[in-house]
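Architecture at a glance
Okay, here's what each chain looks like letter by letter:
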Amino acid sequence: MEKNTDEQLLLSARIDSNSEIPISTQILRIAVYDEFKAYETYSKIIEKFGLVQPFVNIKEAEAVHYSVLVKLMEKYQVEIPINDWYLKIEIPNTLIECCEMGVAGEINNIAMYNNLLQYAQENDIKDVLFRLQAASFNNHLPAFRSCVLAHYNSSNNINQENIIEKLGEYQVLLDDIMSGNIDENSISKIFSKLNLTMASGVVFGGAITALLNNYISKQNIKEEE
């Protein structure tokens with residue numbers, strides 16, 4: 001299967017200021033590739049578990065998101081990356097794990113747009129990036145968090161106050177990302193405060209781990225620049 005020549009850049013979801021690829025091209029290709037990932041992830045979840053919410057609605061939203069980005073790419077004559085996510089994505093065995101994965105994916109998406117917006121110059125590109133980030137922050141992330149909350153709230157092994165406390169801890173991490181104050185120490189601090197062996201599964205364990213791994217991998221890329 002044909003691959004994207006800038007695959008490492010796309011997977012890093014981060015602008016490389018030393019690359020010969022124009023910044024606006026990097027921004028649009030990274031953004032649409034990430035939206036492809038979300039769309040294919042939620043599509044495969046629906047294939048496995050049926051027409052379950054919130055995945056059906058969010059899948060439809062992701063299609064709108066990447067369509068908007070494709071229009072911008074056509075305007076600026078940027079080549080659309082190959083969507084090769086379907087074969088790369090592995091879906092968990094339970095819906096609650098899928099919801100936790102959705103939380104991690106949307107937070108990583110929000111953090112990605114933070115990085116892209118630091119480099120965007122064109123007003124129409126900045127406007128689209130802001131709107132897509134807002135959709136993840138205001139719509140998609142709350143939907144997945146509600147999915148997680150509903151699952152554990154229905155469990156006899158955990159009380160509502162406990163899970164709400166965990167949601168609060170998670171919100172602190174998200175707020176740090178949005179404010180640009182995130183660093184390895186603050187992630188580790190919040191990570192260590194969470195009880196990752198609750199109930200029958202890991203409440204946000206997969207989400208926090210994915211976010212932490214994502215941060216560390218990006219730090220490694222930054223150090224190599």
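Each chain carries its own residue numbering, running from 1 in the direction its sequence is written. Selection of residues for local features in this predicted model requires a pLDDT of at least 70, selection of side-chain atom pairs for listing and counting requires 80 or more, and totals for whole chains, interfaces and linings are taken over all residues. Only hydrogens and water are set aside; all other atoms, that is, all heavy atoms of the structure, feed into the side-chain values.

**A word on the packing of helix α2 (residues 23–49) against helix α3 (residues 55–75)**
Axis lines are fitted to C-alpha atoms, over the contacting stretch for helices. Their N-to-C directions set the angle, which ranges from 0 to 180 degrees. The helix and strand labels rest on DSSP assignments: H or I over at least four residues marks a helix, E over at least two residues marks a strand, and numbering proceeds from the N terminus. One can describe the packing of α2 onto α3 by two numbers: an axis separation of 9 Å at closest approach and a directional angle of 155 degrees. Classified by the interaxial angle, the pair formed by α2 and α3 is roughly antiparallel. α2 and α3 meet at a crossing whose hand is left-handed. Contacts between α2 and α3 involve L28, R29, A31, V32, E35, F36, A38, Y39, Y42, S43, I45 and I46 from the first element and F55, V56, I58, K59, E62, A63, H65, Y66, L69, V70, L72 and M73 from the second. In this count, Pro and Cys sit with the nonpolar residues alongside Ala, Val, Leu, Ile, Met, Phe, Trp and Tyr, while Asp, Glu, Lys and Arg are called charged and the others, Gly among them, polar. Each residue belonging to the contact of α2 with α3 can be placed in one class, and the counts come to 18 nonpolar, two polar and four charged. Note that the term roughly parallel is reserved for angles under 35 degrees, roughly antiparallel for angles over 145, roughly perpendicular for angles of 65 to 115, and oblique for everything else. The handedness criterion is simple: a crossing whose near helix is rotated anticlockwise from the far helix by less than a right angle is left-handed, and one whose near helix is rotated clockwise is right-handed. Only heavy atoms enter the contact rule, under which two residues are in contact if any of them lie within 4.5 Å.

**Brief notes about the packing of aromatic side chains**
Stacked, tilted and edge-to-face pairs are distinguished by plane angle, under 30 degrees for stacked and over 60 for edge-to-face with tilted covering the rest, among Phe, Tyr and Trp rings (Trp via its six-membered ring) whose centres lie within 6.5 Å. Going through the model one piece at a time under the given rule, you end up with six aromatic pairs. Here Y39 and Y66 contribute two aromatic rings whose centre-to-centre distance is 5.4 Å and whose plane-to-plane angle is 90 degrees, an arrangement assigned as edge-to-face. With Y39 in helix α2 and Y66 in helix α3, this pair connects stretches of sequence that are 27 residues apart. Geometrically, the ring pair formed by Y42 and F55 is tilted, given 6.0 Å between the ring centres and 55 degrees between the ring planes. Taken as a pair, Y42 in helix α2 and F55 in helix α3 lie far apart in primary sequence, 13 residues in all. For the pair Y42 and F55, a shared accessibility class is recorded, and that class is buried. Three or more aromatic residues joined by ring pairs make a cluster, and in this case those are F36, Y39 and Y66. Each ring is checked for a lysine NZ or an arginine CZ that lies within 6 Å of its centre and within 35 degrees of its normal; such an atom marks a charge sitting over the ring. One residue, K44, lies across the ring of Y86, its end atom 4.7 Å from the ring centre. Lying across the ring of W85, K88 places its NZ or CZ 5.0 Å from the centre. Exposure categories follow from relative accessible area, calculated using a 1.4 Å probe and restricted to protein chains: below 20% of the type maximum is buried, above 50% is exposed, and the middle band is partly exposed.

**Some remarks on the pattern of salt bridges**
Here, a salt bridge means any Lys or Arg side-chain nitrogen found within 4 Å of an Asp or Glu carboxyl oxygen. Counted under the stated rule, the structure contains five salt bridges. Salt-bridge contacts for R131 lead to D127; the nearest nitrogen and oxygen are separated by 3.1 Å. One end of the pair is R131 and the other is D127, both in helix α5 (residues 123–153) and four residues apart, which spans about a single turn. With a relative accessible area of 47%, R131 lands in the partly exposed category. D127 gets classed as partly exposed once you look at its relative accessible area, which sits at 40%.

**Digging into the nonpolar core**
Side-chain atoms within 4.5 Å are what join buried Ala, Val, Leu, Ile, Met, Phe, Trp, Tyr and Cys residues into a set we call a nonpolar core. Counting 48 residues, the largest nonpolar core has I30, F55, L69, Y113, L116 and L129 as the members making the most contacts within it. The set of elements that each furnish at least two residues to this core consists of α1 (7–12), α2, α3, α4 (95–119) and α5. Dropping the residues within four chain positions of it, L116 is found in contact with I15, I27, I30, A31 and L129.

**With respect to the confidence of the model for the chain**
Taken as a whole, the chain shows an average pLDDT of 75; of its residues, 67% reach a score of 70 or greater. Residue-level confidence of the predictor is what pLDDT reports, using numbers from 0 through 100. Per-element confidence in the chain is highest for α2, whose mean pLDDT is 92, and lowest for helix α8 (residues 205–224), whose mean pLDDT is 46. Here residues 187–225 scores under 50 on pLDDT; set against residues more than four positions off or in separate chains, the count is 62 contacts.

**Thoughts on the state of the cysteines**
Any pair of cysteine sulfurs within 2.5 Å is marked as a disulfide. In total, this model carries one disulfide according to the counting rule given. Free cysteine: C98, not disulfide-bonded; nearest cysteine sulfur from C99 at 7.0 Å.

**Quick look at the side chain of E40**
Positionally, E40 belongs in helix α2. With no salt bridge to any partner, buried E40 finds its closest opposite charge in K59, at an N-O distance of 7.8 Å. In contact with E40, other than residues within four places in its own chain, are N83, W85, Y86 and I89. Within this scheme the basic residues Lys and Arg register as positive and the acidic residues Asp and Glu register as negative, but His and the chain ends are omitted.

**Observations concerning unusual backbone geometry**
A cis amide bond, omega 5 degrees, links Q53 with the succeeding residue P54. Its location among the elements puts P54 in the loop between α2 and α3. With a phi close to 55 degrees, A13 is a non-glycine residue in the positive phi region. Take A13: its relative accessible area is 9%, and that puts it in the buried class. Here the phi dihedral of Q77 falls at roughly 55 degrees; this positive angle occurs in a residue that is not glycine. Position of Q77 among the secondary structure elements: in the loop between α3 and α4.

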